[in-house]
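Take a look at the letters that make up each chain.
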Amino acid sequence: MFLQYGIGMSVYVMMGLSFLPLLCIFVIFRFTVSGFKVRYGLLAILLGLLSLVPIVILQSFVRNLPVFTSNTLLAALITALLFNGLIEESMKMVVLFLLPAKKMNFSTFFTLSLVAGLALGCFETVIYLFSGYLDIEVRTATAVVMHCLCTGLSGVSVWLWKNPAEQKKTAWAPWLWAVILHGSYNFFAGFSGFYRWFSLATIMLTALESRIWYKKIGGVEGEENAPDSPQNPS
């Protein structure tokens, strides 16, 4: 009885630890990002969790298709790109359209996108926990981070689609990067040997790509909002 009680308590502790990254990032963004309001942050969390519903439905529907049941390497790559990359990133992107982009600047919208992805990743960790996967530290440092960064990239696409800008013609590019990088991560994470390390390289590449797009869009926004500089005398 006491053993069962102890195991039950440890599960609840691990559930709390699973959401600790979300809590920490939420607090950090609240006090460091101008325009990051609590109600927007809570909405982002809700949207991140909401995206799991269509993801599960679609993945359950396509799971038994022949391409997803084959044991070939090519089938594994296609599965990762479509099953994990396309479906998950598309659904996360769709829910981000519900964020009130017109009421905030790009930096705020981008950080809210990160929060939405982090919420989904943390909740997935809890699901894995109840499935018997107890190594939550590893998952938090890998899959959860990947969810967060990829949702940030998809958020850039949503921002460009919802706001008139010169970059609107390439608005699909950040989302496409999210699909490819997320799928690639899952593909390499499925290996058990040397190739598994490529999944970590994919995370670092995703972080770099997120930074590039953030600096690109944020820099343009900053230039547009900056006051006119005085003319130098000739």
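Everything in this summary refers to the structure shown in the same document. These numbers were taken from a predicted model, which means no experiment stands behind them.

Cut-offs applied
Residues numbered from 1 in each chain as written. Predicted model: local features only at pLDDT ≥ 70, side-chain atom pairs only at ≥ 80, totals over all residues. Heavy atoms only, no water. Helix = DSSP H or I, 4+ residues; strand = E, 2+ residues; numbered from the N terminus. Buried < 20%, exposed > 50% of the residue type's maximum accessible area, 1.4 Å probe, protein only. Contact = heavy atoms within 4.5 Å. Areas by Shrake-Rupley, 256 points an atom, 1.4 Å probe, with all protein chains shown as cover. Axes fitted to C-alpha atoms, helices over the stretch in contact; angles between N-to-C directions. Parallel < 35°, antiparallel > 145°, perpendicular 65-115°, else oblique. Left-handed = near helix turned anticlockwise from the far one by under 90°. Nonpolar A, V, L, I, M, F, W, Y, C, P; charged D, E, K, R; others polar. Phe/Tyr/Trp six-rings, centres within 6.5 Å; stacked < 30°, edge-to-face > 60°. Lys NZ or Arg CZ within 6 Å of the ring centre and 35° of its normal.

1. Section: the overall build of the protein chain
Looking only at helices and strands, one finds ten helices and zero strands in the protein chain. Reading the secondary structure of the protein chain in the N-to-C direction produces α-α-α-α-α-α-α-α-α-α. Looking at the protein chain as a whole, 44% of its 234 residues qualify as buried. Partitioning the contacts of the protein chain with sequence separation of at least 6, the portion at a separation of at least 24 is 76%. Accessible surface computed for the protein chain: about 13,200 Å², of which carbon and sulfur atoms make up 70%.

2. Considerations on the packing of helix α6 (residues 73–96) against helix α8 (residues 136–162)
Interhelical geometry of α6 versus α8 gives an angle of 50 degrees and a closest axis separation of 9 Å. On the basis of their axis angle, the class for α6 and α8 is oblique. Between α6 and α8 lies a crossing whose hand is right-handed. Across the interface between the two elements, E88, E89, K92, M93 and L96 from α6 touch H147, C150, T151, S154, G155, V158 and W161 from α8. Of the residues contributing to the contact of α6 with α8, the split by class is five nonpolar, four polar and three charged.

3. A word on the packing of aromatic side chains
Tallied over the full model, the rule gives 16 aromatic pairs. The structure contains a cluster of three or more aromatic residues connected by ring pairs, namely F187, F188, F191, F194, Y195 and F198. Directly above the aromatic system of F31 lies the positively charged group of R30, at a separation of 5.7 Å from the ring centroid. Taking the ring centre of Y40 as reference, the NZ or CZ of R39 above it sits at 5.0 Å.

4. Re the side chain of T108
Residue placement: T108 occurs in helix α7 (residues 106–130). Apart from residues lying up to four places away in sequence, T108 is in contact with V33, S34, G35 and F36.

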